Amino acid sequence: MQNMKGKYIWSFILICCLSCTKDFEEINTNPNRPTEIDPRLQFSYVQNRASSERSDQWRGNLIYCSIWAQQLSGSWETDRYITANEDWLSAWWNNSYQRVGKDLIDLINRTEEGSNLRAMATIFKVFFFQRLTDMYGDVPYSEANRGAEFLQPKFDRQSEIYNSFIEELTQSVADLDAAKDEVGSADLFYNGDIDQWKKFGNSVLLRIAMRISNVDPDRAQTVGKQALDGGVMTSNNDIAYVYFSGNNVDGPNANGVSEVFQDNGITAHLFRYSDEFVNFIINNDDPREEILMETYNNDGTIDNTVGAGNHLGRPNGIDPGTNDFVFAQPRRDVMVTYDAPAIYLSFAEVSFLKAEAIVKGWVEGDAQQAYEEGIYAACKQLSLYPNAGEISDADIADYLEENEVEFDLDDAIEQINTQKWIALLFDGFEAYANYRRSGYPEITPGFASGESGGEIPRRLRYPVAEKVNNAQSYDEAVGRLNGGDVITARMWWDVN
Amino acid sequence: MLMKNHLILFLLSCFSLTGYAQIAVEGTVTDKAGEPLAFVTVAEEETTNGTTTDLDGRYKLTVDEGAILRFTYVGMQDQLVPLEGRKQIDVVMDEDAYQLDGVVVTAFGIEKEKKAAGFAFSEVNGSELTEAREVNVAAQLVGKVPGLDITKPSNGPSGSTRIVIRGLSQFQGENRPLIVIDGIPADNSNINRAGLYGGRDSGDGLSAVNPDDIENITVLLGPSAAALYGSRAGNGVILITTKKGTVRKGLGVEYSSNFVTEEVTILPNFQEEYGQGANGQKPTSQQEAFDNWRSWGARLDGSMTPVFNGEMLPYSAVGQDDLRDFYQRGNTWTNTLAFNGGNEKMNARLSLSALSNEGIILNSRYDRYNLNFVSRAQLTDRVDVEAKVNYTQEDAENRVNLTDNPSNPSKYFTIAPANLPHSIFRRTRNELGNPIYWSNNPFTLSPYWGPVENVNNDTKRRVLGYALARWRILDWLTIQGRVATDETTHDFFNVEIDGTQHNIPGAIFIDDFNTVERNYDVLIRATRSINAKIGLDVTAGAVRTDRSERISSTSGSDFINPGFLSINNMAIRNPGQVSTLQSRNNGIFATASLSYDNYLYLEGSVRTDFFSVLTNPLDVDGSTTSITYASSALSFVLSDAVELPDWISYAKFRAGYGTSGFGQIDPYSQVQVYQVSPDPKEMPEGNVTFGNIDGDSFRNPSLKPSQTRSFEIGTDWRLFKSKVGLQLTYYQQRTDRHIFPSPLPASTGFSSYLINAGEVENKGIEALVSYQPIQTTHFSWEVSVNFARNVNKVISLNEGIDQLNLGDDRTFSANIVAQKGGRIGDIWGNVYARNDAGQIIHGDDGLPVIAEDREILGNFNPNWYGGLTSTFSYKNLSLSFLIDTKQGGEILSTTSSFGYLFGRHINSVEGRDSPDFTIIGDGVGPDGVTPNTTPARIDDYYERISSISEENVYDASYIKLRQLSLSYTFDRELLRKTKFIEGLTISVVGRNLFFFTNGLDEIGLDPEAIYTATADDIGIEYAALPSTRSYGFNINVKF
C-alpha cells in the first residue's frame, strides 16, 4: 500500500519535472559550429589539405614513397626496408579517409548531380584515391566514407577501383559546362576555369591509362587515346598546383613538405637527396642542380667548400649514425620554403605520358618532341618556386644534348621515365608508382635485407587498426595478396 | 492536483502526534577542555523528539518524565543520560576514539547516525591532513582509507592526483569520485595533463583546497550512499566538510606554519660502463660527438675526448651523483591564519593561507593563496542562514614538462651519454646569444634549455561559494534552499623561445579556460516518530546543475625581437579560437529511513536525473534524457538488539543495494557539425575560407545513460571495551550500457563513434582493523590496518569488438587496453617469438623476432593495497607512522625502453666489448630449433629489445614508509598562564621516506611514476621525475 503511494507520488513529481527539460534542446544546440555549410568551402579544404599537412606529407609522401623511389634518402627505418612504425604506416591511409575523403564524399553527396562543382570534386577524388590505392592495393572505395551506411567498408579490388576511376572521370569531364554553376575562387587549382578542369580530368585519365598499360594494354590504349583526344594539359599554365602564401607556417598557408624541412630545425637528420638522384643530375650537367640542392653545415650555414658539380648524394640504406651533413639537401631558400607550391599534376608529366603513349603506338605523334617539351616544362616549372629565377632556354637546349638525356628511340621508355622521376621531386606518390609500373629509373636497392629482403618494396602494409576494426574485409583483401600483407606483394597493375 | 493531495495525506499519515506527561530540561554541553559545543544533537531516546545546542552549548528541551537523553556530536562518543527527575543536565563529551558513534554527513549535508548507515564509509579527520603536508591534499589520503586507491603520478607537486574507489568502472576518462564540499558538488576536472607526446599537469580541483580549512573528509564508498548524488557519483563520493565558526568568548585565532623540504631519493640506474659514440667507438671530433650522442661508444676509459661544444673531457662516467646534483632542494612553506568567533545569533570563521613551493627543477615555482570566509546566523527561532565564500589563486611558473616534451629534463637524462656532466649545459647560448645544441636530435634539448629558456606560466583563480537558508516550519519539518557557485578561470601562457632546436622561430601560446558551475537545490526534511519504537525520516528535494565552459586560445610564432615574450612580438599570429560548452542536469530525489527500536534501520531512496547532453536537438522525441535509480540499505545493530557478552561492545550488520548511472557525455555529441577554418587561406586573388566536418567521432544520434548496479554487505564490531575495532565490507558492482567511443576503421572517415555497450564488473573487499593494546594515563599505543582488494573484469565490449585501445606508449610497442575477459587498463604489448621450449627465436638478421600477436603483460591497478598506521603517545609527546603498500600491479617503463634504444639501459652492456661490435643473441635461429649463430650489431640488437615490451614491464608493487611524525602538544594549563596562548603543538614530520620494497629497484624508478591520473593511458611511465622524500616541521598555535 505504502509502496503504491510512493509510486504515485514519484510519477507525479516526474510529470512535473518533464517541464524542466524543455530548455534542453536549446542548451544542447552547438553554439560553436554550424550544421550546414556551403560545400564549396569543403572543396577548397580538400584541395589544400591533400598537401598542406606536415605529418601526412612527412610520412606518406617522404618517408615511404620518396625514399623507396630513391629521390631522397635518410636515417629512417624505411630506408632499410623496415615498416615497424605503425604511426607512420597509417598516416596516409588515415589522411585519405579521415581528412580528405570524408569531406570529399560529403561534399559530393551534398552537391547536385551533373553540376560543375560535383564534376570537379569527382575528378579530384579520382586523382586523390589513385594515390591511395597505388600505395596499398585493394582499398575501401565504393563503401568508404559513407558514415552509418557502412561502418565496416569492404575493400574493393584495385582493378574495380580503376574501372570506377575511368567511368567517373569520363562522366565528370562530360558534365563540365561553363554554362552551369560557377565554382570560382573556391577552386584552388584553376579559379573554376572549366576548360582547364577538362584538361586536368583528361590528364588524370592519361596517367591512369599509363598505369594499367602492362596489366591491360588494350584498355590502356583505348583510355589513353580517349584522354589525349579529349585534350590534356598544353602548357605550364595548366599545372594543377596549390599555392601557399607561406604566412602562418603551421596551418594551410604552408606547404606540408616544406614544413617538414623547415620546422624541425636545421640540425635534424631528416632527408637528403639520394645519391642516385644527385648522380644523375651531376653526370648530365643538369641546369636544375643549383636550384635544387645545397650542402649545409650542421649550424644551417651553407658549406662553401661544396659547389656545383661536387654535391654528394646520400646512399640509400646506409648506417643511420652516419654524418649526414656532407650530403646535399633541398635548397632551403627555394625548394622547401613555406610558400613553395605543391604540384599535383604537371604539364611536364603529361608531356612524358604523351611521349610514352606515342612510343607505345597509342596515338600518332612526335615522341621526341613530347619528351623534350616535358624536360623544358620541368625546368621552367621551377620558376613557381620562390627565389628560383628562371632557367634559360639555352641551358635547357644544352642539357637536351647531354649523353643520357639526348633522345634515343631505343631507350625512350627509360629516358622518359627517368626524366619524369626528376620532375616528380616531392611527389613521391607518383614517382614511386611510376617506378613500379615502368621499372625506371634504374636504381639499385640501398639495403641488402629488411622486410623486402633487399628488394625495393612494392607496397605499404595495411594499418593494424583496419585489421582490428574491419577484420572481415581486411582478411578478404589480404587473402587476395600474393604472400599476404607484406611490402613485397604487388599491385594488380604491377606485372612488369 | 489529486496527486498533490495524495502527497499531503501521505505525509500527514506518517506523523500522527503522540502525548505524555512532559517536563522541561536544560543544560550546557562542553568538551573536555571546557569549550562549549554548539549544534550537539540532544535527543529523547525512543522518540524523535530532540533539539540541538546553541552557540553557547546550551539547550532546552521538553521531554517525558522518565526520558533518557542522548547527546550526539561528530567526533565525540554518544552519551546517554537518564533524566532521573533533574531539570538541569550539563554534559562533558569525550572524543570518540573510533568514531563509530555519532553522525555521518551524507548527501546534501544530511546527517545520519552512523549506526543507521547501511553502507560503508570512511572518515579522515582534518587534523590528519595538516601535519605532514603534500601540495595536493588528496595525495595525503594514500594508505589511510580502506578502499581509496590513490596514486600521486609523477606530474609535479601541484599536479593532479589519481583517486579510484572500488576499481575502474568506465573505459575512459577520469573515473574519479565526485568531490563534494559542504554539500555542493565541486569541479575536480583536470584540464591539462600529459599525454604520450608531452604536456604538463596543471592540477585538479582538489589541488586548490587548503587542508587547514578541512574539518573532516568522509568517503562514501558504496552505491546506496552515492545514489542521492546521481549520475556524477557512479565512482563514489568524497565529502569534504570545512571548518565553521564556533561560539566562544572573545576572538579565536589559530596560526599554523609548516615548512617542508624535499630532496631527490630514487634516481634512474643507467649503465655507466660505455660512453657516447657509434660502432663501439668514441667520438674523435666535435662533429662526431654531436652526431653520435647515443651511448654506443667505447668502454669508458677516462681518456680526453671531444664533446659537442669542442671541449675535451675525460671519457668517464659522471655517475648518478651528477644527476642528483642537477636537481635542487624543493621547499614548501605554508602559513595559515584563521579567526573565528561570534555570539549566539551569529558566528563566523575567516582563514587566510599562503603556500609557496619551489620545485626540484630550476625555476619551477608554485604559489597558492586561499581565503575562506563562512558565517551563519540564526535569524529567528526557526530560520537560520549560512553563507560561504572561498577564493583561491594558484600561480604556477614552469610547471614540470612531462613525457615527450623536449623541455622535460628527465627526457634528456633518459638518453644522456654517461660521460657528459650536467654542468656543461648550464650555458644555453654562446656570447653572441646563439643557442648551443648538444646533439643532432632536435627533440631532445639539453636539461637546462627547458627550465632556463622556455616559459610556461599559468594562473588559476577560483571562487567557490554558497548561500543557504533553512526554515524549520514545524518542529519536525524543515525546508532548505541553497544556491552555490563554483567558478574558475585558468589562464595559460607558454613560450617556446626562439632558438629552441625543434622550433627555431619560436612560438607563444595563450589559452584561457573559464568554467562556471552553478548548483541550486531545495530540500524538505521531515523527522517524526510514529510510536515509541518506530521513527521515520524523510527527505525530498530537487537539484539543478548548470555548467558552462569557455575556452579561448590564440598563438603566434616567429619572434620579431628575440626573447621579448609578448604575443604582439610575433611575426605570425594565429587568429584566436573561442568555444563555449553548456549543459544542464536536473535531478529530483527522495529518501526515507525507517528505524525500529534504535537497532534496525531501513533506508530507501530514489532519484531521477535529466541530462541536457543526451538531448538530440534534431530529434528531441528520440532522446532518452533521463534515468531513474534507486537504492536501499539495511542496518542492524546486534549489540543494541540483544544482550551480548561483555567483551562485545558493538556489533552491526549492514547490507545495501543500489543503482546509479552515468550520462555525463560532452555537450553537442549527437549532431554532426562543420567547422569553418579560422585561418583563411591567402590566395593570390584574395582569401579563401575552408570548411570541413568537425571531429573524428561519428555522431550517434541517440544515446542513453549507462547504468551501475551494485550490492554490498558489511559488518562493524568493537570488542574488549572498544580496544579492538573491525570493519569488513564485500561489494560487487556491474556497470553496463557504457557510453564509450567504439573504434571504427579509418575507411569510414571516422575513428570512433559513441555507443551504449559493454559491461564491466568490479568486486572486492575492504577491511579495517584497529587495536589499542595500551591505554594508560600517560602512555597509549594505537595501531590500525586497512586493506582493500578489487577484482575488475571486462565482461563485454561492443558486438564484434574484443578489445578497446585506451592509450599508446610512446614507442608504440604496447597499448593500454580493455579486453573482453581482461581488466580495464591491461598492458598489451610486444613479446618475443619463442619456440615451444620457451627459447627466443632469432631471425636471419640475428635479431630477436617479435611475436606476431601481442600479449597482456600486466595492469597498473594493484591486486590489493592497504596501510598500517600506528601512534604512540607518551604524555604530551606523540609519535606516529604510516606504512602503505600496493601489491600486484605492473608498470610499463618507457625510460627502460629508451634505455635500450639509446644504450643507457643497465642491461644493455652484454656483448659490448666484442671487437666487431656484434652480439649473438641467446636462443635459437629462424628454424626455432638450432641455436642462434647469427651475429647482430649491438645497437640493432638492443634497439629490437627496446620494442619488446615484456622487457619493459616491471612489477609496481611496493611497501613504503609514507609518513613519520613526532609531535609535542604543550599543556593547556601551562599555556593558560601566558594568558593569551590557548594551545601549542609542534611537530616534526617526514613523508615518502623510503621504500621497504620497490619492484622497480633495478632501474631506479618509483612504482607510482605514471604520468597521468586518467584511465586512458594508465600504467605508463615515461621520463618520470625522480621520486622525492620530504621532511619538515609544523607549528600550530591557538590564541
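Basis of the calculations
- Residues numbered from 1 in each chain as written.
- Chains lettered and ligands numbered in written order.
- Predicted model: local features only at pLDDT ≥ 70, side-chain atom pairs only at ≥ 80, totals over all residues.
- Heavy atoms only, no water.
- Contact = heavy atoms within 4.5 Å.
- Buried area = accessible area lost by both parts, 1.4 Å probe.
- Salt bridge = Lys/Arg side-chain N within 4 Å of Asp/Glu carboxyl O.
- Polar contact = N/O pair within 3.5 Å; in protein donor to acceptor, adjacent residues only side chain to side chain.
- Helix = DSSP H or I, 4+ residues; strand = E, 2+ residues; numbered from the N terminus.
- Buried < 20%, exposed > 50% of the residue type's maximum accessible area, 1.4 Å probe, protein only.
- Pairing = 2+ DSSP bridges.
- Axes fitted to C-alpha atoms, helices over the stretch in contact; angles between N-to-C directions.
- Domains from an automatic or database assignment.
- Nonpolar A, V, L, I, M, F, W, Y, C, P; charged D, E, K, R; others polar.

(A) Focus on the interface of chain B and chain A. Opposite the 85 residues of chain B that make contact, chain A presents 80 residues. Taken together, both faces of the contact between chain B and chain A bury some 7000 Å²; the carbon and sulfur share is 60%. At the junction of chain B with chain A, the criterion picks out five salt bridges. Here chain B and chain A share 23 residue pairs in polar contact (both at pLDDT 80 or more) between them. The leading source of residues in the side of chain B that touches chain A is strand β28 (residues 570–596) of chain B, at 13 residues.

(B) Structural detail: the pattern of salt bridges. Per the counting criterion, the structure on display carries 89 salt bridges over all chains. The partner of Asp 485 of chain A in a salt bridge is Arg 459 of chain A, and the shortest N-O contact between them spans 2.9 Å. Note that Asp 485 of chain A is positioned in the segment after α20 (471–479) and Arg 459 of chain A in the loop between α18 (428–438) and α19 (464–469), a separation of 26 residues in sequence. Arg 459 of chain A matches Asp 485 of chain A in its accessibility class, with the two residues each being buried. Among the ionic pairs, Arg 482 of chain B bridges to Asp 521 of chain B, the shortest N-O distance being 3.3 Å. Pair noted here: Arg 482 of chain B is in strand β25 (residues 477–496) and Asp 521 of chain B is in strand β26 (residues 507–529), with a separation of 39 residues, a long-range link. The class for Asp 521 of chain B is buried, based on a relative accessible area of 7%. Among the charged side chains, a salt-bridge network with shared partners connects Arg 131, Asp 134, Arg 207, Arg 211, Glu 349, Asp 427 and Glu 430 of chain A.

(C) Representation of the sheet that holds strand β16 (residues 237–242) of chain B within the structure. All names here are of chain B. Spatially, β10-β15-β16-β13-β14 is the arrangement adopted by the five strands of the open sheet, whose pairing is mixed. This sheet does not close on itself; its edge strands, each paired only once, are β10 (121–125) and β14 (184–186). With direction set aside, neighbouring strand axes in the sheet form an average angle of 25°. Where strand β13 (residues 178–181) and β14 come together, three bridges link them in antiparallel fashion.

(D) Representation of the domain arrangement of chain B in the model. Residue and element names in this part refer to chain B. Entries for chain B in the domain assignment read domain 1 (20–96) and domain 2 (137–265 + 330–407 + 454–825 + 860–889 + 967–990 + 1009–1038). Once you take the C-alpha centre of each, domain 1 and domain 2 turn out to be 36 Å apart. Contacts between domain 1 and domain 2 engage eleven residues on the former and 18 residues on the latter. Carbon and sulfur atoms make up 45% of the surface buried where domain 1 meets domain 2, a total of about 1200 Å² over both sides. A per-residue breakdown of the area domain 1 buries against domain 2 is headed by Glu 46, Thr 48 and Leu 55, which together make up 47% of the total. Applying the counting criterion to the domain 1 and domain 2 interface returns zero salt bridges. Between domain 1 and domain 2 we count zero residue pairs in polar contact (both at pLDDT 80 or more) in total. Considering only residue class, the side of domain 1 that touches domain 2 consists of four nonpolar, two polar and five charged.

(E) Examining the pairing of strand β31 (residues 648–662) of chain B more closely. Bridge count for strand β30 (residues 626–637) of chain B against β31 of chain B is seven bridges, and the pairing is antiparallel. Across the sheet, the residue bridging to Leu 634 of chain B is Ala 655 of chain B, located in β31 of chain B.

(F) Layout of the pairing of strand β23 (residues 383–397) of chain B. Residue and element names in this part refer to chain B. With 14 bridges connecting them, strand β22 (residues 365–378) and β23 associate as antiparallel partners. Across the sheet, Asn 370 pairs through a bridge with Thr 392, a residue of β23. Hairpin connection of β22 to β23: four residues between the antiparallel strands. For β23 and strand β24 (residues 455–474), the ladder comprises 15 bridges, and the chain directions are antiparallel. Along β24, the bridge assignment pairs Val 389 with Gly 465.

(G) Region of interest: the sheet that holds strand β50 (residues 953–955) of chain B. Residue and element names in this part refer to chain B. With mixed pairing, the three strands of this open sheet are ordered in space as β50-β47-β53. Edge positions in the open sheet fall to β50 and β53 (1020–1021), since each of these has one partner strand only. Where strand β47 (residues 890–893) meets β50, three bridges bridge the pair, whose relative direction is antiparallel. Considered in β50, the bridge of Leu 892 is made with Val 953. Along the sheet, helix α9 (residues 894–902) contacts β47, β50 and β53; its crossing angle with β47, the most-contacted strand, is approximately 35°.

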